Amino acid sequence: MGLLDKLDTIAATRETLLPEGINPFDVVIEEIHSATEGTIDGHRVVLAGTNNYLGLTFHPSCIEAARETLLSEGTGTTGSRMANGTFSGHSALEKELAIFYDCSSAIVFSTGFVTNLGAISSLAGPGDVIVLDADSHASIYDACRMSGAEMIRFRHNNMVDLEKKLSRLGPKCKNTLIIAEGIYSMLGDCAPLVEIAALKRKYGAWLMVDEAHSMGVLGEHGRGLAEAVGVEKDVDFTVGTFSKSLGSIGGYCVSNHRKLDLIRYISRSYVFTASPSPATISSVREALKVISAEPQLRIKLWENVDQLYRGLERLGFELGSDPSPIVAIRVPTKENALFAWKAILDKGIYVNLVFPPAAPAGLSLLRCSISAAHTPEQINFILKTFADLKPMMTDAI
Amino acid sequence: MTTLQYDAIFQQIEALLLEYAQLQVPIQDDTDLINDLGFDSLKLMEMLEEVEDIFDITYPLNDLSNLHTVKDFVLQIQQIVGGE
Ligand SMILES: Cc1ncc(COP(=O)(O)O)c(C=O)c1O
């Protein structure tokens, strides 16, 4: 068997999965007009699947901050954080993140994905145990594998299963890192963090929460689910991304354990990859200020969530979770998902199409993410379109 | 670990594999979970959850990289049961 033969299977799967003319995984946004509008295939569409929860990609002060830095510091750092890639902006952002989270230490990485790779694989190693939620993001799974730690999965949000697994570990719990997410990226459901924190305390384990989709969305200050449910003190490590609410790219890990700082020296994805560009860092610093200074964005986001969620509920759709900025519609088959996705796009709305294994539990999903920047009219348009296409989305093909 | 225990585990696993694979084929020591029984990652995870319940064990995901045949599976379960 030759090196590339295995790709034939992929090609065959793609053929059966993607009838001619429909390839949801090859979408090009030809023009981007705003946080909620773009041009795809020559047509202007409403973007309802971009994780741009606060709409900050087009916030004037974030753009201005990035523009100024672009002109003064150039297009890139051309080096890793460990070598020549730490500019004063990177250090300042770490201090600001630590203040934002009221934590002693913060580290900035190049993306959320490599944050997980670097942080998890440095914090846990051979002889340690990681207990992760079954629906964890791919970056968490990959990081666990890289770490060399024993890797134990608990059923999604199932506290009975988590407790069973912790209780079996006995004294190993003091070397055990539990990992959960604030809001799960596919179904939009939250982790039962109060219960997880209680189990963490009971068994003396450590806790990491990935707030990728909940930072800027939940909590009085927008710090995420741990803040919203009052368990920040129990969270040993918070990780997150700049690529969603903060409207940019990059990632972070914050903690009150001062030793966190030492993982800079051993995180391969910190040492061996270039740091975010100076302009990127400036836009993130500004976005962090906006999150604090403009809490009305969060209020607007939740009003929009409410409008879409209640509307879809009234239309009788089966939704993935309680209200959240990720609204996932469960559809009966892959074919339903595919044809409906295309029909929705043709009517002028972009949503995410998610198949298993990216979607959990064998589900096919049409996943919307809502932004504070959506207007009530855009959300009504989404609701009307979904109402028109409902049979395609709900009657099994 | 005695042969009897191996056989006892084998029998339980056999029924479970057939149920998940939805196939009527003979299950032998060298039956391959992916190539012969058509398991994909999703089905495998679902079956592992049931195995954890039946034997009251934790199956570490690290063991997946050494799981190919039915014999691998039975031996892994035997070892976990023995170790807990
Ligand atoms: C839970 C979770 N963690 C990490 C990431 C990775 O973030 P980034 O896009 O910054 O690499 C994502 C994004 O998809 C995510 O959903």
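Predicted model only: the values in this text are computed from it and were never measured.

Q: Even after reading the chapter, I still don't get the overall build of chain B, so can you show me in this structure?
A: When helices and strands are tallied, chain B shows three helices and zero strands. Counting helices and strands in the order they occur from the N terminus, chain B gives α-α-α. The globule rule puts the C-alpha radius of gyration for 84 residues at 12 Å, and the 12 Å found for chain B is close to it. Sequence separation of at least 24 residues holds for 51% of the intrachain contacts in chain B that already meet a minimum separation of 6. As displayed, chain B has an accessible area near 4,600 Å², and 49% of this comes from carbon and sulfur atoms.

Q: Got a minute to help me understand the pairing of strand β4 (residues 105–109) of chain A in this structure?
A: In the case of a regular strand, side chains alternate between the two sheet surfaces. All names here are of chain A. The buried count for β4 comes to five of five residues, which makes it a mostly enclosed element. Burial along β4 is two-sided: Ser105, Ile107 and Phe109 facing one way and Ala106 and Val108 facing the other are all buried. In terms of strand pairing, β4 meets strand β10 (residues 251–255) through five bridges, oriented antiparallel. Along β10, the bridge assignment pairs Ser105 with Ser255.

Q: How do you make sense of the environment of Thr375 of chain A when you look at a structure like this?
A: Position of Thr375 of chain A relative to the elements: it lies in the loop between β14 (364–369) and α13 (376–388). When the C-alpha atoms of Thr375 of chain A and Thr36 of chain A are compared, they prove to be 8.9 Å apart, with 339 residues separating the residues in sequence.

Q: It is not clear to me how the packing of aromatic side chains should be interpreted in this structure. Could you clarify?
A: Centre-to-centre distance and the angle between the planes together describe a pair of aromatic rings. Enumeration according to the criterion identifies nine aromatic pairs over all chains in this entry. Here Phe109 of chain A and Tyr270 of chain A contribute two aromatic rings whose centre-to-centre distance is 5.7 Å and whose plane-to-plane angle is 75°, an arrangement assigned as edge-to-face. Within this pair, whereas Phe109 of chain A is found in strand β4, its partner Tyr270 of chain A is found in helix α9 (residues 268–271), the two being separated by 161 residues in sequence. Aromatic pair Phe242 of chain A and Tyr252 of chain A: ring centres 5.8 Å apart, planes at 15°, arrangement stacked. Pair noted here: Phe242 of chain A is in the loop between β9 (237–241) and β10 and Tyr252 of chain A is in strand β10, with a separation of ten residues, a long-range link. Grouping residues by exposure puts Phe242 of chain A and Tyr252 of chain A together as buried. Grouping aromatic residues by their ring pairs yields a cluster made of Phe100, Tyr101, Phe242 and Tyr252 of chain A. Sitting above the plane of the Phe317 of chain A ring, Lys390 of chain A keeps its charged end 5.9 Å from the centroid. The ring of Phe39 of chain B has Lys43 of chain B sitting right over it, with the charged end atom 5.9 Å from the ring centre.

Q: It is not clear to me how the environment of Met47 of chain B should be interpreted in this structure. Could you clarify?
A: Residue and element names in this part refer to chain B. Mapped onto the elements, Met47 comes out in helix α2 (residues 41–55). A relative accessible area of 0% means that Met47 is categorised as buried. Placed 31 residues apart in sequence, Met47 and Leu16 show a C-alpha to C-alpha distance of 7.5 Å. When neighbours within four sequence positions are excluded, Met47 is seen to be in contact with Leu16, Leu17, Tyr20, Leu33, Phe39 and Phe73.

Q: What is the right way to look at the sheet that holds strand β11 (residues 326–331) of chain A in this model?
A: Within a sheet, each strand pairs with its neighbour through backbone hydrogen bonds, oriented either parallel or antiparallel. All names here are of chain A. Here three strands make up an open sheet; going across it, the order is β11-β14-β13 and the pairing antiparallel. Every interior strand has two partners, whereas the edge strands, β11 and β13 (352–354), have only one. In this sheet, neighbouring strand axes are inclined to one another by 25° on average, regardless of whether the strands run parallel or antiparallel. Where β11 meets β14, six bridges bridge the pair, whose relative direction is antiparallel. The partner of Val331 across the bridge, within β14, is Ser364. Strands in contact with helix α12 (residues 334–346) are β11, β13 and β14; relative to β14, the strand with the most contacts, it is inclined by about 35°.

Q: Just to check I follow, could you spell out the domain arrangement of chain A for this structure?
A: For interface size, the figure often reported is the accessible area lost on association. All names here are of chain A. Taken domain by domain, chain A comprises domain 1 (15–47 + 295–394) and domain 2 (60–293). On a C-alpha basis, the centres of domain 1 and domain 2 stand 27 Å from each other. Taken together, both faces of the contact between domain 1 and domain 2 bury some 1,300 Å²; the carbon and sulfur share is 62%. In terms of surface lost to domain 2, no three residues of domain 1 exceed Arg298, Ile326 and Pro360, which account for 40% of the buried area on that side. Our count for the contact surface shared by domain 1 and domain 2 stands at zero salt bridges. Of all elements in the fold, only α11 (296–314), β11 and β14 reach the threshold of two or more residues within the side of domain 1 that touches domain 2. Of the residues forming the side of domain 1 that touches domain 2, the biggest block, five residues, is contributed by α11. In the side of domain 1 that touches domain 2, the residues fall into 13 nonpolar, four polar and four charged.

Q: Mind showing me how you'd approach the site of the ligand here?
A: Residue and element names in this part refer to chain A. Taken together, 15 residues lie around the ligand, and Gly112, Phe113, Asp210, His213 and Thr241 are the ones closest in. His213 is positioned with one of its side-chain polar atoms (N or O) 2.7 Å from an oxygen atom of the ligand. Protein contacts shield 84% of the accessible area of the ligand, which totals 390 Å² for the unbound molecule. If you tally residues by element for the shell around the ligand, the top one is helix α4 (residues 112–123), at three residues.

Q: What am I meant to see in helix α10 (residues 278–293) of chain A here?
A: Since there are 3.6 residues in each turn of an α-helix, residues three or four apart along the chain are aligned in direction. Residues and elements named next belong to chain A. An ideal rise of 1.5 Å per residue puts 22 Å on 16 residues; α10 measures up with 23 Å between its terminal C-alpha atoms. Of all 16 residues in α10, twelve are buried, a share of seventy percent or more. For α10, every residue scored as buried is listed here: Pro278, Ala279, Thr280, Ile281, Ser282, Ser283, Val284, Glu286, Ala287, Leu288, Val290 and Ile291. The inward-facing, buried residues of α10 contact α2 (60–73), α3 (88–101), β4 and α11.

Conventions we followed
- Residues numbered from 1 in each chain as written.
- Chains lettered and ligands numbered in written order.
- Predicted model: local features only at pLDDT ≥ 70, side-chain atom pairs only at ≥ 80, totals over all residues.
- Heavy atoms only, no water.
- Helix = DSSP H or I, 4+ residues; strand = E, 2+ residues; numbered from the N terminus.
- Rg over C-alpha atoms; globule rule 2.2 N^0.38 Å.
- Contact = heavy atoms within 4.5 Å.
- Areas by Shrake-Rupley, 256 points an atom, 1.4 Å probe, with all protein chains shown as cover.
- Buried < 20%, exposed > 50% of the residue type's maximum accessible area, 1.4 Å probe, protein only.
- Pairing = 2+ DSSP bridges.
- Phe/Tyr/Trp six-rings, centres within 6.5 Å; stacked < 30°, edge-to-face > 60°.
- Lys NZ or Arg CZ within 6 Å of the ring centre and 35° of its normal.
- Axes fitted to C-alpha atoms, helices over the stretch in contact; angles between N-to-C directions.
- Domains from an automatic or database assignment.
- Buried area = accessible area lost by both parts, 1.4 Å probe.
- Salt bridge = Lys/Arg side-chain N within 4 Å of Asp/Glu carboxyl O.
- Nonpolar A, V, L, I, M, F, W, Y, C, P; charged D, E, K, R; others polar.
- Near = heavy atom within 4 Å.
- Polar contact = N/O pair within 3.5 Å; in protein donor to acceptor, adjacent residues only side chain to side chain.
- Expected span 1.5 Å × (residues − 1).

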